Amino acid sequence: MVLSLFFVAAAAPAQQGHPLTGTWIGDWGPNATQRTHLTFVLTWDGDKVSGTINPGPDAIALGNVAVNVTNWTIRFEADTKDKSGSPVHISAEGRVENLGSAHRTIAGSWRQGTTTGDFKITRD
Amino acid sequence: MTRTAHIVALSLGTLIALATLHAQGPASSTYDREKKVKLEGPVTSLDWVNPHAFLFMDVRETTGTVTNWAVEIGNPLDLEKEGWKGSTLHPGDVVSVEAMPARGQKKQAAALSVTLKATGRRVFAPAAKKAAAPVAAPAPRWPNGHVKLGTAPGKKGYWGTTSAVLMVEDSSAKISMNDEGLLASLADVDRVAPFKPWAKAVYQFRQRSLLIDDPIRACVPPGGPRQFQTPHGFQFIEQPELGRILVLLGGGDRNWRVIYTDGRPQGQAAEVVATYFGNSIGKWEGDTLIVDSIGFNERFWFSNGGLPHTEALHLVERFTRTDMNTLKYEVTVDDPRTYTRPWKASWTIQWVPDEEIPEYFCEENAESTFIR
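Residues numbered from 1 in each chain as written. Chains lettered and ligands numbered in written order. Predicted model: local features only at pLDDT ≥ 70, side-chain atom pairs only at ≥ 80, totals over all residues. Heavy atoms only, no water.

Asks: If you had to explain the interface of chain B and chain A to someone new, which residues and values would you point to?
Replies: On the chain A side, the residues contacting the 19 residues of chain B number 16 residues. Buried area between chain B and chain A, both sides added, is near 1,300 Å², and the carbon and sulfur share of it is 61%. Linking chain B to chain A there are one salt bridge. A salt bridge links B:Lys196 to A:Asp47; the nearest nitrogen and oxygen atoms lie 3.9 Å apart. (Contact = heavy atoms within 4.5 Å. Buried area = accessible area lost by both parts, 1.4 Å probe. Salt bridge = Lys/Arg side-chain N within 4 Å of Asp/Glu carboxyl O.)

If you want it as structure tokens, here you go:
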């Protein structure tokens, strides 16, 4: 049963609409061992891309999202709080790879407060 | 010479259209239509399955090495119409093949002709399009005077050949494309449809990658206008007593679509479960059936050539049977998340008399997806 469900999920056709729409999963961190999980939910309303990082009680609304479709780079900003409750600003810039793939990716640089690193998320 | 083969790469000045080769998706992403190879050697096996039958043959390369080539010979339905059978060739028969080679280093090709060496008999050549015109007659009608979109009582037939296998805005001047929807020049992209910038970029990406990501290659249904441009045609089954018209599709995977004609209102897009064929409501205006559809998912391409869309896609289709043998199809595409304004496309479809839709099933060939 579990096996058959796996195959059904694996065979699901790719989303073919706006390339950023959907759920993306991955992580960010300052190095290969210190990673923080990321879930992005992105939507396209015809004018702009908007979305949420880590939907749930600690959800972070994306602020400005700028997409350059000539090279499929994306820049976004968001505001959250650290463990002490102090505001922390997030800014990141990445590029969509494998645009035609069901499991395309966005990878690039990530800055959260004073910490810099990289991130990579994959379309679920 | 029996196991000797020459492999000659030639440039073909013109593109060769083989409808059978893209019965299930574009062939250009697999084969280089501007090159040609000649192969000679014994048949080792035949793979007689949908959507593409293959013959396998041993070919001695110029280096002396013998390699096994996979030669695509088209769709079994079309081959059988031309008199081919799975038993036409046997392992050991030496054949001479002219073919388009696969892109890259794969030992795979699409046959343009296959000749049996022992007899010189050409056992395969691309099917010529049937030109016999059906007998002219007025459109059949129901007792209440409505035009029938399907067959007359006691008759057989279905809607087959389309006047266009591509979809571009009606107001555009002629745009040079091949029969899979690949533009001769990407500079013409703005004349295809009024794209928003992201949609134009996606369309260009699909064109540059030779449509290799076309979901129809994985047997995803041809939703939207594409259902009226796929090989193997379609049929209307009108059920006025049930307030609906069924559209049975010969292409894709023998899908069907329901058009409700019982007067129910169209739902709101947000209420409709997104599907490949959407939620369709039809009404008659004179001899024209007007169908309003919303509720499409984003998992398919709604045309050959890779036009994108979103779940906001709204189609208004107009079907007019102008005589027994002609169906005029007009569609207005309204997707404000993808296009800057609504736009229209149209084509005609010809009736295939005295035949039923052929039994075609989209399948993924075990042998056609290998890397050699």
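Asks: Explain the environment of B:Leu211 residue by residue, including any values.
Replies: Within the fold, B:Leu211 resides in the loop between α3 (197–208) and β9 (234–239). Between the alpha carbons of B:Leu211 and B:Pro140 there is a distance of 40 Å; along the sequence they are 71 residues apart. (Helix = DSSP H or I, 4+ residues; strand = E, 2+ residues; numbered from the N terminus.)

Asks: I'd like a rundown of the confidence of the model for chain B, residues and numbers included.
Replies: As a general rule, the predicted coordinates of low-pLDDT regions are not to be interpreted in detail. All names here are of chain B. Scored by pLDDT, chain B comes out at a mean of 85, with 88% of its residues at no less than 70. Mean pLDDT across the secondary structure elements of chain B bottoms out at strand β1 (residues 10–11), with 31, and peaks at strand β15 (residues 326–334), with 98. Confidence drops under a pLDDT of 50 for residues 366–372, and excluding neighbours within four residues, the segment shows 16 contacts in the predicted structure. (pLDDT = per-residue confidence, 0-100.)

Asks: Summarise the domain arrangement of chain B; cite the residues concerned and give the values.
Replies: By a frequent convention, interface size equals the accessible area lost on bringing the separate parts together. Per the domain assignment, the segments making up chain B are domain 1 (3–129) and domain 2 (157–353). Between domain 1 of chain B and domain 2 of chain B, the C-alpha centre-to-centre distance is 32 Å. (Domains from an automatic or database assignment.)

Asks: Describe the nonpolar core, and please don't skip the residues or the numbers.
Replies: Of all hydrophobic cores here, the largest spans 71 residues; its most connected members are A:Phe40, A:Trp110 and B:Leu307. In terms of nonpolar packing, the next biggest core, distinct from the first, is built from 22 residues, B:Ala53, B:Leu55, B:Leu89 and B:Val114 among them. (Core = buried A, V, L, I, M, F, W, Y, C linked by side-chain atoms within 4.5 Å. Buried < 20%, exposed > 50% of the residue type's maximum accessible area, 1.4 Å probe, protein only.)

Asks: Outline α3(B), supporting the account with residue identities and numerical values.
Replies: Residue and element names in this part refer to chain B. With 12 residues, α3 should reach 16 Å at 1.5 Å per residue; the first-to-last C-alpha distance of 16 Å fits that figure. Buried residues of α3: Trp198, Ala199, Ala201, Val202, Tyr203, Gln204, Arg206 and Gln207, and no others. Phi turns positive, to about 55°, at leucine 210, one or two residues after α3. (Expected span 1.5 Å × (residues − 1).)

Asks: How would you explain the pairing of β9(B) if you had to name every residue and give the values?
Replies: Where burial is concerned, most of β9(B) is hidden: five out of the six residues are buried. The hairpin turn running from β9(B) into strand β10 (residues 244–249) of chain B, its antiparallel successor, is four residues long, and B:Gly243 in that turn takes a positive phi close to 65°. (Pairing = 2+ DSSP bridges.)

Asks: Account for the packing of aromatic side chains, with residues named and values stated.
Replies: Residues and elements named next belong to chain B. Across all of its chains, the model carries 21 aromatic pairs over all chains by this definition. Ring plane angle 45° and centroid distance 4.9 Å describe the contact between tyrosine 329 and tryptophan 347, whose orientation is recorded as tilted. Pair noted here: tyrosine 329 is in strand β15 and tryptophan 347 is in strand β16 (residues 343–353), with a separation of 18 residues, a long-range link. For the pair tyrosine 329 and tryptophan 347, one class covers both residues: buried. Ring centres of tyrosine 339 and tryptophan 343 lie 5.5 Å apart, and the angle between their planes is 65°; on these two criteria the pair is classed as edge-to-face. Judged on exposure class, the residue tyrosine 339 and its partner tryptophan 343 are both buried. (Phe/Tyr/Trp six-rings, centres within 6.5 Å; stacked < 30°, edge-to-face > 60°.)

Asks: Can you lay out the sheet that holds strand β4 (residues 60–68) of chain A for me, pointing to particular residues and giving the numbers?
Replies: All names here are of chain A. With antiparallel pairing, eight strands are arranged side by side around a closed barrel as β1-β2-β3-β4-β5-β6-β7-β8. Averaged over all pairs of adjacent strands, the angle between their axes in this sheet comes to 25°, without regard to strand direction. Across nine bridges, strand β5 (residues 73–81) lies against strand β6 (residues 87–97) in antiparallel orientation. Of the residues in β6, the one forming a bridge with threonine 73 is arginine 95. (Axes fitted to C-alpha atoms, helices over the stretch in contact; angles between N-to-C directions.)

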